[in-house]
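Fold and geometry: a report
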Amino acid sequence: MSVRHLQLVEREEVMSVTAESDEPKLRVAIATQDMKGLNAHFGSARKFAIYDVTPTASRFVSAAAFDDVSDESGSHRREGDDRIGPKIEALNGCHLLFCLAIGGPSAAKVINARIHPVKLPAPEPIDGLIGRVQTMMSTNPPPWLRKVMGTAQPRSMDFLDEED
């Protein structure tokens, strides 16, 4: 499977400013067919739009495009024909993956790559999805997002009584 990468190249001053921010930062991948919205299943996504997201800003980082994708028929290809591995490699460094659907074996591989998959029930514009992530990051993030952000508090064991 051939993978094409499109990446922004920025001046060093711009990159150093974004790298020094104290805000939590997530790298978010979005399964897309048109680079405008979340509108693809993981296996059939022709592209992944990748963004760096903080509670107050977002920045397009790169896009990965694929020539050979699933037809969503559920049929398996011949042995040794791997379409999932190159997609997971293209998502290296991402924290979250948003898609419309993902099969069990693919989800397991994504999770093993330390990427948290998130299935959404309906297509939506990338801008709106990024806004929702920023709102969750800046308010009271759900436990799974706190874990991804690295801000999860260890469970308190104060309820345990030392006396039996």
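Parameters and conventions
- Each residue is numbered by its place in its chain's sequence as written, counting from 1.
- Only residues with pLDDT of at least 70 get local features here, since the model is predicted, and only at 80 or more are side-chain atom pairs given and counted; chain-wide, interface and lining totals rely on the full set of residues.
- Excluding hydrogens and water, the side-chain values take into account all heavy atoms of the structure.
- Relative accessible area decides the class of each residue, using a 1.4 Å probe on protein chains only: under 20% of the type maximum gives buried, over 50% gives exposed, and in between gives partly exposed.
- For helices the rule is a DSSP run of H or I covering at least 4 residues; for strands it is a run of E covering at least 2, with both sets numbered from the N terminus onward.
- Note: two strands are recorded as paired if DSSP finds a minimum of 2 bridges between them.
- Note on handedness: a crossover is taken as right-handed if, strands pointing away from the viewer, the path from the first strand over the helix to the second is clockwise.
- Points on a 1 Å grid, built from protein atoms alone, make a cavity when a 1.4 Å probe fits but cannot get out and make a pocket when they are open with protein on both sides within 12 Å along at least 5 of 7 lines; residues with an atom within 4 Å of a point are the lining residues.
- Grid points are joined across faces, edges and corners, and a volume is the space filled by probe spheres set on the points.
- All amino acids are sorted into three groups, where Ala, Val, Leu, Ile, Met, Phe, Trp, Tyr, Cys and Pro are nonpolar, Asp, Glu, Lys and Arg are charged, and the leftover types, Gly among them, are polar.
- By definition, a salt bridge exists where a carboxyl oxygen of Asp or Glu is found within 4 Å of a side-chain nitrogen of Lys or Arg.
- Working definition: a ring pair exists when centres of Phe, Tyr or Trp rings (six-membered ring for Trp) sit within 6.5 Å. Plane angles under 30 degrees give stacked, over 60 give edge-to-face, the rest tilted.
- What is meant by a nonpolar core is a set of buried Ala, Val, Leu, Ile, Met, Phe, Trp, Tyr and Cys residues, joined one to another through side-chain atoms within 4.5 Å.
- Every residue pair with non-hydrogen atoms within 4.5 Å of one another is taken to be in contact.

The next point concerns the pairing of strand S6 (residues 96-99). On S6, burial covers both faces: Leu96 and Phe98 on one face and Leu97 and Cys99 on the other are all buried. Two strands pair when backbone bridges link them, and strand S2 (residues 26-32) and S6 are joined in this way by 3 bridges, in the parallel orientation. Its bridge partner being in S6, alanine 29 is matched across the sheet by leucine 97. Note: S6 against strand S7 (residues 116-119), 4 bridges, orientation parallel. Within S7, the residue paired with leucine 96 across the bridge is histidine 116. This β-α-β element, S6 to helix H3 (residues 104-112) to S7, shows right-handed connectivity.

What follows deals with the layout of surface pockets. The computed volume of the second largest pocket comes to approximately 300 Å³. If you list the elements that add at least two residues to the lining of the second largest pocket, you get S7 and helix H5 (143-149). Residue contributions to the lining of the second largest pocket peak at 3 residues, all from H5. Grouping the constituent residues of the lining of the second largest pocket by class yields 5 nonpolar, 2 polar and 2 charged.

The subject of this paragraph is the pattern of salt bridges. The tally for this structure, following the rule as stated, stands at 3 salt bridges. With a closest N to O distance of 2.7 Å, arginine 27 and aspartate 52 form a salt bridge. Within this pair, whereas arginine 27 is found in strand S2, its partner aspartate 52 is found in strand S4 (residues 47-53), the two being separated by 25 residues in sequence. Between arginine 59 and aspartate 52 there is a salt bridge; the shortest N-O distance is 3.4 Å. Note on arginine 59: relative accessible area 24%, which makes it partly exposed. Given a relative accessible area of 6%, aspartate 52 falls into the buried group. The network of salt bridges with shared partners includes Arg27, Asp52 and Arg59.

Bringing the packing of aromatic side chains into the picture now. Across all of its chains, the model carries 3 aromatic pairs by this definition. Taken together, a centroid distance of 5.7 Å and an interplanar angle of 40° make the contact between phenylalanine 42 and phenylalanine 48 tilted. The class of phenylalanine 42 is buried, set by a relative accessible area of 1%. Phenylalanine 48 sits in the buried class, given a relative accessible area of 0%.

This part covers the nonpolar core. Counting 21 residues, the largest nonpolar core has Phe42, Phe48, Leu91, Leu97, Ile102 and Val110 as its most contacted members. Taken together, the elements giving at least two residues each to this core come down to S2, S4, strand S5 (58-66), helix H2 (84-90), S6 and H3. Residue contacts for isoleucine 102: discarding those within four places in its chain leaves Phe42, Leu97, Ala107, Val110 and Lys119. One finds Tyr51, Val53, Leu129 and Val133 within the second-largest nonpolar core, a separate group that totals 20 residues.

Next up on the list: the environment of glycine 128. Residue placement: glycine 128 occurs in helix H4 (residues 126-138). As for glycine 128 and glycine 37, which are separated by 91 residues in sequence, their C-alpha atoms are 8.8 Å apart.

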